[in-house]
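The primary structure of each chain is shown beneath.
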Amino acid sequence: MDRRLALLGLLLALAALFFVLDLGQYLDLSRLKAEQAALAAGVAAHPWRAAGLFALVYVAVTALSLPGAALLTLVGGALFGLLAGTVLVSLASTLGASLAMLGSRFVLRDWVQARFGPRLAAIDRGLERDGAFYLFALRLVPVFPFFLINLAMGPTRLPLRTFAWVSQLGMLPGTLVYVNAGRELGRLDSLADILSPGLLGAFALLGLFPLLARRLLERLQARRVYAGWARPRHFERNLVVIGAGSGGLVSAYLAAALQARVTLIEKGQMGGDCLNRGCVPSKALLRSARVASELRKAAQLGWRASGEADFAAVMERVQRVIGRIEPHDSAERYRELGVEVLAGEARIVSPWTLEVAGRRLTTRAIVIATGAHPLLPKIPGLERVEALTSDTVWSLRQRPQRLLVLGGGPLGCELAQAFQRLGCRVTLVEMAERLLLREDPEASAAVQAGLVEDGVDLRLRHQALRFEVLDGERQLVCRNLADEQEVVLAFDRVLLALGRVANVSGFGAETLGLVLRANGTLETDEYLATRFPNIYAVGDVTGPWQFTHVAAHQAKYAALNALFGRFWRFKADYRVIPWATFTEPEVARVGLNEQEAQAQGIACEVTRFALAELDRAIADEAASGFVKVLTVPGRDRILGVTLVGEHAGDLLGEFVAAMRHGHGLKRVLGTLHIYPTLAEANQYAAGAWQRAHVSPRLLRVLKFLQRWQRGRRGPARREPPVL
């Protein structure tokens, strides 16, 4: 321990000495250029001594992670030429990087982990997955600065010998390009020489090197990942899509529109979860349940009204809605669009070959859009109570008198409120201390109040322990986390709303060795490609957001990359992702909320406008809720918006567009909104921000100006008599 402290002190002292003595001034390009002649003369007179001194300086700069390595590489080319300069820099950079790695491993491990922990996690995962090849990729195409790579490799188990030879090999192409640029710069004697072909070519190569290196790396990765697989000489199709949910349908549609030969394979129902078991049936149910809320407000609106829901009729209406929308996603429609639609279970047998219904298909690219299924928790006794999920609840025709809902997320809250309004006595069990944990606490509280007002029995901080059936009665035994006492909740039916699990088996992912993340989703890169560059994944099967509109958004990028990736690829854009929970009140959000900003250490200002002040909300008896906008301190740039209230999901669109196109609250304020509408809430929120940022000095100037325009106070004028 004493030796480590001593070495750490020495390293810190050397680094401090560099800055205290302002040694960085000697690593200035203009100064080195001015002294080029003297340096070149020294190299000519004592070549070995000069080479040794240069290498020693380079090693010191690299080992201590000091700025200036790139400039020294240029200097190496200018003083020693292409061959000698490349050899010197390559050896010195490798030695310096190895020393930095050893220093990190034996001395700075805890500091490096604390300082760069989040960024090191990605490097650790890459090393664990691809080993030395990952280090080679980082050296060839530096996603992270070289000094950080040196420090990051210290806490890992990578052997020093492997680190050294892989680093030298990976840095060699870049070293050659930079040394060549330095050599050409060293030949520059006048401004006219700037236009010399050699210098222009060197700098063109310098600019193109990252792209060329990336292409080279992609080829090397492809050769590595496809090793052992026989690639067909010809392909029957440009694209095969597995799964006809939102992501699969959009992928197939776009590919057909781009004149590709595309096949869409679905083993179940066209339209996937969203049409048959998710968004469409749940929103149809919510619309029927909303009538109960409207009837409850009837007296406030001046009506006498009463009524009871016909539960079976409501559930039949849900199926009618699905039937009316079904043609939009039908196999017939997609065949008319030019898509070959096959029914059956697809199985990938090679990166370019699939089998379905006894047929073998070859394709240049594949998009996996297999979706997800409801999570079934490992709770003892679950198999005895015929649990419902978001997939099976739509088969109900007889209303359960007592419905137990497990899960206080968006789906649990939506369905708990809906079934309560349709006449069930609903108990919602959630282990956390509040509902909708991802949302703003104030939004969560508003939804909680709405559910309680409707009569839902909320059991927060209750942990499900086991299911029991006693004398024919179904029960859930919970632990109240507030007092650690067991609580027994009786029910007729139980609905599980605990999230969804990606469908990653049954189509050949195991055969190909596709990588799964810790949460069970397929791992993809920023282009939505799996470990095979021609196989992509979109939607719930890869995440990170399980929303229909995000699946469709991803599908556009995946289809374009699958069809044109050999020429150009597009990174999926997740900068502005909106979503909504369709309870009453609705909760809609885009960007950050307060708790996320605080957790990430992002400074922000909060502007809030209450819907109780909005004329249309008052007229509609919907004057509860708010607009909360987070902005950069002192500026109108929007960081995030949370909307709570009627039609919040519809109102959010204006803020989504503003954030997507870089517009601030001033643009929202300057946009004309129709009176009286709920959309005015957005404008009023922007106005509240503007009022808070008016300069007091400006107000004083304006007050003086207006007083001056009224003129100086004189004798009172006598008004003429009124006849």
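Residues numbered from 1 in each chain as written. Predicted model: local features only at pLDDT ≥ 70, side-chain atom pairs only at ≥ 80, totals over all residues. Heavy atoms only, no water.

Participant: Account for the environment of Ala-252, with residues named and values stated.
Facilitator: Structurally, the position occupied by Ala-252 is in helix H11 (residues 246-257). For the pair Ala-252 and Gly-338, spaced 86 residues apart in the sequence, the C-alpha separation amounts to 9.2 Å. (Helix = DSSP H or I, 4+ residues; strand = E, 2+ residues; numbered from the N terminus.)

Participant: Provide a residue-level description of the packing of aromatic side chains, including the pertinent values.
Facilitator: One pair of aromatic rings is described through two measures. These are the centre distance and the angle between the planes. Taken as a whole, this structure holds nine aromatic pairs when the rule is applied. Seen in terms of ring centroids, Phe-311 and Phe-419 are 6.0 Å apart; in terms of plane orientation they differ by 35 degrees. Their pairing is tilted. With Phe-311 in helix H14 (residues 311-325) and Phe-419 in helix H16 (residues 410-421), the pair connects residues that are 108 residues apart, well separated along the chain. Taken as a pair, Phe-311 and Phe-419 share a single burial class, namely buried. Between the NZ or CZ atom of Arg-438 and the centre of the ring of Trp-579, over which it lies, the distance is 4.8 Å. Over the ring of Tyr-527 we find Arg-569, and its NZ or CZ is 3.8 Å from the ring centre. (Phe/Tyr/Trp six-rings, centres within 6.5 Å; stacked < 30°, edge-to-face > 60°. Buried < 20%, exposed > 50% of the residue type's maximum accessible area, 1.4 Å probe, protein only. Lys NZ or Arg CZ within 6 Å of the ring centre and 35° of its normal.)

Participant: Talk me through the nonpolar core; I want residue IDs and the actual numbers.
Facilitator: Where a protein is soluble and globular, its nonpolar side chains tend to be buried together. Grouped together as the largest cluster of nonpolar side chains are 38 residues, with contacts concentrated most on Leu-285, Phe-419, Val-426, Leu-428, Leu-435 and Leu-451. Sorting the residues of this core by element identifies helix H13 (279-296), H14, strand S8 (402-406), H16, strand S9 (425-430), helix H17 (441-454) and strand S10 (457-460) as the ones contributing at least two each. Those residues in contact with Phe-419 that lie beyond four places of it in its chain are Leu-285, Phe-311, Val-393, Leu-403, Cys-424 and Val-426. If you look at the next biggest cluster of nonpolar residues, it comprises 27 residues, including Val-341, Ala-369, Ala-529 and Leu-563. (Core = buried A, V, L, I, M, F, W, Y, C linked by side-chain atoms within 4.5 Å. Contact = heavy atoms within 4.5 Å.)

Participant: So what's going on with unusual backbone geometry? Which residues, and what values?
Facilitator: Glycine aside, a negative phi is what most residues show, and trans is what most peptide bonds show. Here the amide bond leading from Gly-543 into Pro-544 is cis, since omega sits at 5 degrees, within 30 degrees of zero. By the secondary structure assignment, Pro-544 is in the loop between strand S16 (535-537) and helix H19 (548-564). The omega angle of the peptide bond from Glu-584 to Pro-585 is 5 degrees, so this bond is cis rather than trans. Among the structural elements, Pro-585 can be located in the loop between strand S17 (578-581) and strand S18 (586-591). Located in the positive-phi region is Asp-471, a residue other than glycine, with phi close to 55 degrees. With respect to the element layout, Asp-471 can be found in the loop between strand S11 (462-470) and strand S12 (473-480).

Participant: Help me get a handle on the pattern of salt bridges, residues and values and all.
Facilitator: For the structure on display, the rule yields 33 salt bridges. With its nearest N and O atoms 3.2 Å apart, the salt bridge here joins Arg-421 to Asp-454. Here the residue Arg-421 occupies a position in helix H16, and Asp-454 occupies one in helix H17, the gap between them amounting to 33 residues. What makes Asp-454 buried here is its relative accessible area of 11%. Taken together, the shared-partner salt bridges connect Arg-290, Glu-294, Arg-296, Arg-421, Asp-454, Glu-584 and Glu-646 into one network. (Salt bridge = Lys/Arg side-chain N within 4 Å of Asp/Glu carboxyl O.)

Participant: Describe the sheet that holds S12, listing the residues and the values that go with them.
Facilitator: Taken in spatial order, the three strands line up as S11-S12-S13 in an open sheet, and their pairing is antiparallel. Each end of this open sheet is capped by a strand with a single partner; those strands are S11 and strand S13 (485-491). Strand-to-strand, the axes of this sheet are offset by a mean angle of 25 degrees, without reference to chain direction. Where S11 meets S12, eight bridges bridge the pair, whose relative direction is antiparallel. Across the sheet, residue Leu-470 finds its bridge partner in S12, namely Glu-473. (Pairing = 2+ DSSP bridges. Axes fitted to C-alpha atoms, helices over the stretch in contact; angles between N-to-C directions.)

Participant: Could you give an account of the side chain of Thr-263, naming the residues involved and the relevant values?
Facilitator: Residue placement: Thr-263 occurs in strand S2 (residues 262-266). A distance of 2.4 Å separates a polar atom in the side chain of Thr-263 from a polar atom in the side chain of Glu-340. Once residues lying within four places of it in the same chain are set aside, the contact partners of Thr-263 are Arg-237, Leu-239, Val-240, Val-241, Glu-340, Leu-342 and Leu-361. (Polar contact = N/O pair within 3.5 Å; in protein donor to acceptor, adjacent residues only side chain to side chain.)

Participant: Lay out a nonpolar patch on the surface in plain terms, naming residues and giving numbers.
Facilitator: A cluster of nonpolar residues, Val-694, Leu-698, Leu-699, Val-701, Leu-702, Phe-704, Leu-705 and Trp-708, forms a patch on the protein surface that exposes about 770 Å² of accessible area. In this structure, Leu-702 sits in helix H26 (residues 696-710). Leu-702 sits in the partly exposed class, given a relative accessible area of 38%. (Patch = residues over 30% accessible without salt bridge, like charges linked within 9 Å, V, L, I, M, F, W, Y side chains within 5 Å. Areas by Shrake-Rupley, 256 points an atom, 1.4 Å probe, with all protein chains shown as cover.)

Participant: Residues and numbers for the state of the cysteines, please.
Facilitator: For the structure on display, the rule yields zero disulfides. Note on Cys-279: no disulfide assigned, nearest cysteine sulfur contributed by Cys-274 at a separation of 3.1 Å. The class of Cys-279 is partly exposed, set by a relative accessible area of 32%. (Disulfide = S-S within 2.5 Å.)

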